[in-house]
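Residue-level listing of the chains:
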Amino acid sequence: MITAGIDVGSKTVKVVILQDGKILARSLVLTGFEQGKAAEEAFALALKQAGLSAKDIQKVVATGAGRTSVSFATESVSDVAADARGAVFINPNARTVIDVGAEEGRGISTDTRGKVIDFAVNERCAAGAGTFTEAMSRAIEVKLEDMGELSLKSTQEIPLNAQCAVFAESEVVSLVHAKTSKEDIARAIHDGISNRIAAMARRVGVQNDIVLIGGVARNKGFVASLKRQLEADIKIPDEPEYVGALGAAVIAAS
Amino acid sequence: MTTQVEYWRWTESRYTNPEVDWRKASTITAGIDVGSVSSKAAVMADNEILAYGLMRTGSNSPDSALNAINRAIEGTGLTMKDIKFIVGTGYGRINIPFAGKAITEIACHARGANYIWGPVVRTILDMGGQDCKAIHCDEKGKVTAFLMNDKCAAGTGRGMEVFADLLQVPITQVGEMSLQVDKEPPPVSSTCVVFAKSEGIGLLRQGWSKNMVLAAYCSAMAHRVVTLLERIGMEKEFVLTGGISKNIGVVSRLEKELGIQAVPLPKDQKFDPQLAGAIGGALFARDLLAKSRKAF
Amino acid sequence: MLSRLGRFFVLSTSYIANYGYADGSGEYYVSIDSEKCNACGECIPACPMHIFQVEEDDYGDMAAVVKESHRKSLKYVCAPCKPTSGVRNLPCQKACKPGAIVHSW
Ligand code: SF4
Ligand code: SF4
């Protein structure tokens, strides 16, 4: 059976095509302002990669904030359901799934079959998601991709008092003016956001294995901060941003 | 990239009340309000405001406080020694060495608003550049409920600045422009300033005019503030202070949503409402002095 | 609340102090009713995050307050006490005999 999962996030659309438990293709495109169009584009891209056409796909399941905009989906499932399923598919020992995307952070506790037991969400406040790091990287004029490496070189722990993305921007700018090193500022930024994400994860009860997914999982600086906060090891899949789409494809196959 | 910009333009100033002769007064007290942007000092001779000074806040609170009080007494013939008791307020209040007591800006603001607008005032909404305060008080200006939101930029001048920046519109024109629309658009749906900004960009792409986008944001901000007021219990007589109170686009929509009008500034009132906290501080100082004198 | 001031009993003001904030994700206030609060200080050791302290208020009465340093992050600070599932028996509320503490979320 061949299925597809489409995760329409606020920033990117991800597609995974799955055949009998094996990933055939995956694609990622920017969401832009038209979610429906971006979803079609990403789907077409994945099909091309797999050398398939739309009619070869038996079932398409959509997930993500923009899941209702996928006109060709057979079904749609919530983000948390897809996340849990995808994480357990990759790592059967996953019990706590932490998903940090551009606009939302989620903490999910799951059972052995990838069914959601409980979850908590940070949403509608940019201070609790990837957007925060992105806005701060702009403020200190460092490329987002470089933020992680930079913060690992920090020699000093400094606090970031603002709990709001807008106010934090002014705060980091004044830190730069005060000649605080960008390494230390980058670490403070990651400490700030991971503190908020860890608090949310604690609400669902943190248990091993902890699996971190979503685009922000690629940020090594954030991961280091989160590990310190949770005082635990964190497992990160190879392609962390595709886990939601993968979960949707797995759900489609079952 | 914006750095810290002040929400409304204002100039440093001072004032002496020509009708008051401090030499005849039995007590002279002062309130100093050290805020993040401006520092204010009000000097009181018995029951009357004698003078005030309004200055930019410098790099530290003690100097800012001293600047403000020196500016206030400039030319009055008063010296610091003549001031018998000083109350410090505002975010820098604990760092004013010559203040006899520190009192929160909430209590001082309520007390000052009661003095400026009179005892009818029950609800005070102070929308500043970086925070928003909602205060409920009794006829004496004593606080009965309050909240202060300085965590989130939504509902503060900073949020409005982000939109003014986005649309490249001078902040002082935002209100007027937002009223020049044929039809009132639905409010921007995100509370978060960061997400509201992306929403604004999306609206512009859809062909909305700047005025329409501003209208949508002003009405979102008005709505936001109404929810803050609801928490402390809204009563009919309410007054507005702070930067956004000068934004007609937010104020008119706020009044419409509440179904009532803000109490206007009394006609004979010569004091800038920005002084409310400092005036409240001076009034507290007067009471504290009277109490300590009674104790002897 | 009745407080002793010199030889006199005066009826002091009472107010509801809302410490915390509202942001895009919701409203997070810890409210303290000064009329009910008798400044006993039981909440101080009860709270595992140590968010309370007792101090003199603006009108000269003693009352519990939420420390300034925690006011902008209550959603996160209080998170461990508020599991998404299970009974909510907040330690601060349990410790407060007069019931002066209310959480908005
Ligand atoms: S404006 Fe700041 S605090 Fe408010 S919702 Fe957005 S990021 Fe959060
Ligand atoms: S909920 Fe817990 S952390 Fe929050 S105030 Fe109460 S005792 Fe403290």
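Keep in mind that this is a model prediction, so the values were computed, not measured.

Student: Honestly, the domain arrangement of chain B in this entry has me stumped. Any pointers?
Tutor: The figure often quoted for interface size is the accessible area lost as the parts come together. All names here are of chain B. Taken domain by domain, chain B consists of domain 1 (13-118 + 269-294) and domain 2 (123-258). Between the C-alpha centres of domain 1 and domain 2 the distance comes to 29 Å. Residue-level contacts link twelve residues of domain 1 with 16 residues of domain 2. Each partner contributes to the roughly 1,100 Å² buried at the junction of domain 1 and domain 2, and carbon and sulfur atoms together form 71% of this total. Area buried by domain 1 at its contact with domain 2 is led by Ile 106, His 109 and Ala 110, which between them contribute 47% of it. Where domain 1 touches domain 2, the interface holds zero salt bridges. Summed over the shared surface of domain 1 and domain 2, the number is two residue pairs in polar contact (both at pLDDT 80 or more). Each residue belonging to the side of domain 1 that touches domain 2 can be placed in one class, and the counts come to seven nonpolar, three polar and two charged.

Student: Sorry if this is basic, but what is going on with unusual backbone geometry here?
Tutor: With glycine set apart, most residues show a phi of negative sign, and most peptide bonds adopt trans. Following A:Asn208, the chain continues into A:Asp209 via a peptide bond in cis, with omega recorded as -10 degrees. Mapped onto the elements, A:Asp209 comes out in the loop between α6 (182-204) and β9 (210-213). Within the chain, A:Asp20 stands out as a residue other than glycine whose phi angle is a positive 45 degrees. Within the secondary structure, A:Asp20 sits in the loop between β2 (12-19) and β3 (22-30). Within the chain, C:Ala39 stands out as a residue other than glycine whose phi angle is a positive 60 degrees.

Student: How should the pattern of salt bridges be read in this particular structure?
Tutor: Side chains that differ in sign of charge can pair as their charged atoms come close. Scanning all chains against the criterion turns up 35 salt bridges over all chains. Linking A:Asp83 and A:Arg106 is a salt bridge whose minimum nitrogen-to-oxygen distance equals 3.2 Å. Of this pair, A:Asp83 sits in helix α2 (residues 79-90) while A:Arg106 sits in strand β7 (residues 105-110), placing them 23 residues apart in sequence. The closest approach of N and O atoms between B:Lys151 and C:Asp23, which form a salt bridge, is 2.6 Å. One end of the pair, B:Lys151, is in the loop between β9 (143-149) and α3 (157-167); the other, C:Asp23, is in strand β3 (residues 16-23), on a second chain.

Student: I'm lost on the nonpolar core in this one. Help?
Tutor: The tendency in soluble globular proteins is for nonpolar side chains to be buried as a group. By size, the foremost hydrophobic cluster in this structure holds 92 residues, and its most contacted members are A:Ile98, A:Phe132, A:Ile189, A:Leu212, A:Leu226 and B:Leu125. Ranked by residue count, the leading element in this core is helix α6 (residues 210-232) of chain B, at 13 residues. Excluding residues within four positions of it along the chain, A:Phe132 makes contact with A:Ala126, A:Ala127, A:Leu160, A:Cys164, A:Ala165, A:Ala168, A:Ile189, A:Ile193 and A:Arg196.

So, how was this worked out
Residues numbered from 1 in each chain as written. Chains lettered and ligands numbered in written order. Predicted model: local features only at pLDDT ≥ 70, side-chain atom pairs only at ≥ 80, totals over all residues. Heavy atoms only, no water. Domains from an automatic or database assignment. Contact = heavy atoms within 4.5 Å. Buried area = accessible area lost by both parts, 1.4 Å probe. Salt bridge = Lys/Arg side-chain N within 4 Å of Asp/Glu carboxyl O. Polar contact = N/O pair within 3.5 Å; in protein donor to acceptor, adjacent residues only side chain to side chain. Nonpolar A, V, L, I, M, F, W, Y, C, P; charged D, E, K, R; others polar. Helix = DSSP H or I, 4+ residues; strand = E, 2+ residues; numbered from the N terminus. Core = buried A, V, L, I, M, F, W, Y, C linked by side-chain atoms within 4.5 Å. Buried < 20%, exposed > 50% of the residue type's maximum accessible area, 1.4 Å probe, protein only.

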